[in-house]
Every structure is written in structure tokens, then in C-alpha cells.
Amino acid sequence: MSPPCHTSALLLVLMALAVAGAEQSEERSCDVIGDESSESQMERALLKKLEPLSHLRFNVTVEKGKTENYIYHFRVCREVNSTSHDFGGLVQIDRQTGKTTVIGRINETQVFNGSDWIMLIYKGGDSYGRHCSGEKRRAVIMISCKRGVTASSFSIISEEREKEQECFYLFEMDSSVACPAENSHLSVGSILLITFVSLIAVYIVGGFLYQRLVVGAKGMEQIPHFAFWQDLGNLVADGCDFVCRSKPRNAPAAYRGVGDDQLGEESEERDDHLLPM
């Protein structure tokens, strides 16, 4: 084989290895039970909503006497151990023997929700031995709303294995992803008022800067359209005086104060006794 052929073959092998490595490194996500075409919009929306938790790992240890001592590992829509390729989304490890048991697999997922919770179910786990008629294990994870917390308080509630069928492991955790969207409490009037005040503020500040920096105005002249507002104030004052005044403009005052006219009259009266008889 000629050198160019060797080079081409080597490049093809390297490209094939790179593609295979990329496929292996890409983590698998939840696959809802049934055909992809049968997935509902709600299920797809919930899986999308759970995406922020996919990079987190959760662990809880359970110890019951000397016979049961387990560690549970859980991931949201991701494999706990991606190198094993077993689709295990929630696994149990016996701390005494080191045995690993898959409780539920992400390729057999169910998901639904309520007003402030999301229920994630992994089916298709390893089969029971002496319990539950040997059926496959199932993990039920209740994710409750807790605002301001990405994820916390992962714990196991119970293991229901005393039935003949439909046994399950029940877990719970808190997360803000299960919370409903917060509605704005601002009314239309409040929004209009905020917009109006903002426009007024922009007008005053912008006009002030323009008058000061561009026009070079000083003092009160820095107020935008100062002459207009001054005239408007005078017109408003005249209107209030015209509407609110309750007596004719030329009517004499109803009281006698210490005015100049009164002082003048008093001075004339005091001069009367100085005239000759």
C-alpha cells in the first residue's frame, strides 16, 4: 500500500475513534415509556424543566440494624454510572457486600406534575428476589416546590415491598424547578403610572443636562421649557383666582385693618382740633 493510502486509512481510523468516543462521552437522558411519537407536550415540558438538576448528584445513606446498610445514588435524567451503560438513574449499594442494585432506569421514565410538585418515576430496575413476586424494582421520586433552592433534602421515605405487585421505593426532595411561575402583581394602572413617572424623570433630567451643557443656561433657566412652565403656572393661578374667588374683584374689604388709608383718616381727624374756631 502506498504512503498516501496509509495516511488516508490512519485518518479514517482516527475519525472513527473520535466519533465513538464522543458517543460514549455523551450522557443519556430520560426516555419516557413508549414510542417517542407518543410523548405528550406536557412530558417534554417537564423533562425540559428538570434539566437544571441533571448535572447534580444526590446520595442518601440508610442503616437499619446490622442487616440493612445501603447508600442510594440518584441523578435526574442521567445515568449514575455512565461507564456501565445500564441506564441506572437510581442505584442502591450495599455497604457491607458492595453489591450494586439498580432501583430504576432512565430509559423507562414516567413524569407528571401538580400545582407545586413533580413526580419522577424510574421503572425497569433489577428484579426482586423473594419479594413482590420477583417483579422489577421501581423508584418514585417526589420533587416538591421550595423557592430559592436549586435542590436539597434528598431522602428516602419508605420501601413498599410487602405487596405481591406494584412495589416501589419512595424518595423525596425539594427544588425550585417544581414551583409554578410567579405572576406579576402589578395592575395596568400601576404599569401606566410607572411608565408616566419614568418619562417625566427622563424629560426633566435630559432637559436639564441639555440646557446646562449645550445651551449654557444658568439658574432657573436650566429647567427645560422654563418660559412655558412659568406661563402655565401663571395661567393656572389666574384660573384658580377666577374660579375660587367668591366676591367681586372691586368690592371693598369687609373688615377694617391697620392700612395706610385708615392711618390717613386718623391723622385728618387728629388735625381737626388744631383749626381756628
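Criteria and cut-off values
- Residues numbered from 1 in each chain as written.
- Predicted model: local features only at pLDDT ≥ 70, side-chain atom pairs only at ≥ 80, totals over all residues.
- Heavy atoms only, no water.
- Helix = DSSP H or I, 4+ residues; strand = E, 2+ residues; numbered from the N terminus.
- Buried < 20%, exposed > 50% of the residue type's maximum accessible area, 1.4 Å probe, protein only.
- Contact = heavy atoms within 4.5 Å.
- Areas by Shrake-Rupley, 256 points an atom, 1.4 Å probe, with all protein chains shown as cover.
- Disulfide = S-S within 2.5 Å.
- Arc of directions from axis to C-beta.
- Pairing = 2+ DSSP bridges.
- Axes fitted to C-alpha atoms, helices over the stretch in contact; angles between N-to-C directions.
- Phe/Tyr/Trp six-rings, centres within 6.5 Å; stacked < 30°, edge-to-face > 60°.
- Lys NZ or Arg CZ within 6 Å of the ring centre and 35° of its normal.

Colleague: Where do I start with the overall build of the chain in this structure?
Modeller: In terms of helices and strands, the chain carries five helices and eight strands. Walking the chain from its N terminus toward its C terminus, one meets helices and strands in the order α-α-β-β-β-β-β-β-β-β-α-α-α. Within the chain, the proportion of its 277 residues that are buried is 26%. Nonlocal contacts in the chain, meaning residues at least 24 apart in sequence, comprise 49% of its contacts between residues at least 6 apart. Approximately 19,200 Å² of the chain is accessible, and the part contributed by carbon and sulfur atoms is 58%.

Colleague: Help me understand the environment of C179 in this model?
Modeller: Here C179 lies in the loop between β8 (168-175) and α3 (188-215). Contact partners of C179, with chain neighbours within four places excluded, come to K49, C145, K146 and R147.

Colleague: Can you help me understand the state of the cysteines in this one?
Modeller: Two cysteines, two sulfur atoms, one covalent bond between them: this is a disulfide. One pass over the full model with this rule turns up three disulfides. Linked covalently through their sulfurs, C30 and C77 form a disulfide whose S-S length is 2.1 Å. Between C30 and C77, the S-S torsion sits near -100°, and that sign places the bridge as left-handed. A residue pair is termed long-range when its members are at least 10 positions apart, and C30 in the loop between α1 (3-25) and α2 (41-49) and C77 in the loop between β2 (68-74) and β3 (88-94) qualify at 47 residues. In this structure, C30 and C77 share a single accessibility class: buried. Each sulfur in the disulfide pair C145 and C179 lies 2.0 Å from the other. One disulfide, between C145 and C179, carries an S-S torsion of 100° and so falls in the right-handed class. With C145 in strand β6 (residues 139-145) and C179 in the loop between β8 and α3, the pair connects residues that are 34 residues apart, well separated along the chain. Here C145 falls in the partly exposed class, since its relative accessible area comes to 27%. Here the disulfide map of the chain reads 1-2, 3-5, 4-6, the bonded cysteines being numbered as they appear in the sequence.

Colleague: Any chance you could explain α2 here in plain terms?
Modeller: Each α-helix turn comprises 3.6 residues. Residues three or four places apart therefore point the same way. When α2 is considered as a whole, its buried residues turn out to be E43, L46 and L47. One face of α2 carries all of its buried residues, which in axial projection span an arc of 100°. Across from the buried face of α2, at angles greater than 90 degrees, the exposed residues are Q41 and K48.

Colleague: Please clarify how the sheet that holds β3 should be interpreted in this entry.
Modeller: Neighbouring strands of a sheet are bound in pairs by backbone hydrogen bonds; such pairs are parallel or else antiparallel. Ordered in space as β1-β2-β3-β4-β5-β6-β8-β7, the eight strands form an open sheet in which the pairing is mixed. The sheet is open, and its two borders are formed by β1 (58-64) and β7 (152-160), each paired with just one other strand. Ignoring which end each strand starts from, the neighbouring axes of this sheet average 25° apart. Across seven bridges, the pairing between β6 and β8 is parallel. Of the residues in β8, the one forming a bridge with S144 is D174.

Colleague: Quick question: what am I supposed to make of the packing of aromatic side chains here?
Modeller: Aromatic rings in a pair are described by how distant their centres are and how their planes are angled relative to each other. The full count for this structure, using the stated rule, is 11 aromatic pairs. On the basis of an interplanar angle of 45° and a centroid distance of 5.9 Å, the ring pair of F58 and F154 is categorised as tilted. Linking F58 in strand β1 with F154 in strand β7, this pair joins segments that are 96 residues apart in sequence. A centroid spacing of 5.2 Å and a plane angle of 15° characterise the contact between F74 and F154, whose relative ring orientation is stacked. Within this pair, whereas F74 is found in strand β2, its partner F154 is found in strand β7, the two being separated by 80 residues in sequence. The same class applies to F74 and to F154, which are both buried. One aromatic cluster in this structure is built from F58, Y70, Y72, F74, Y122, Y128, F154, Y169 and F171. Against the face of F87 rests R28, its NZ or CZ located 4.2 Å from the ring centre. It is R137 that lies over the ring of Y128; its NZ or CZ is 4.6 Å from the centre.

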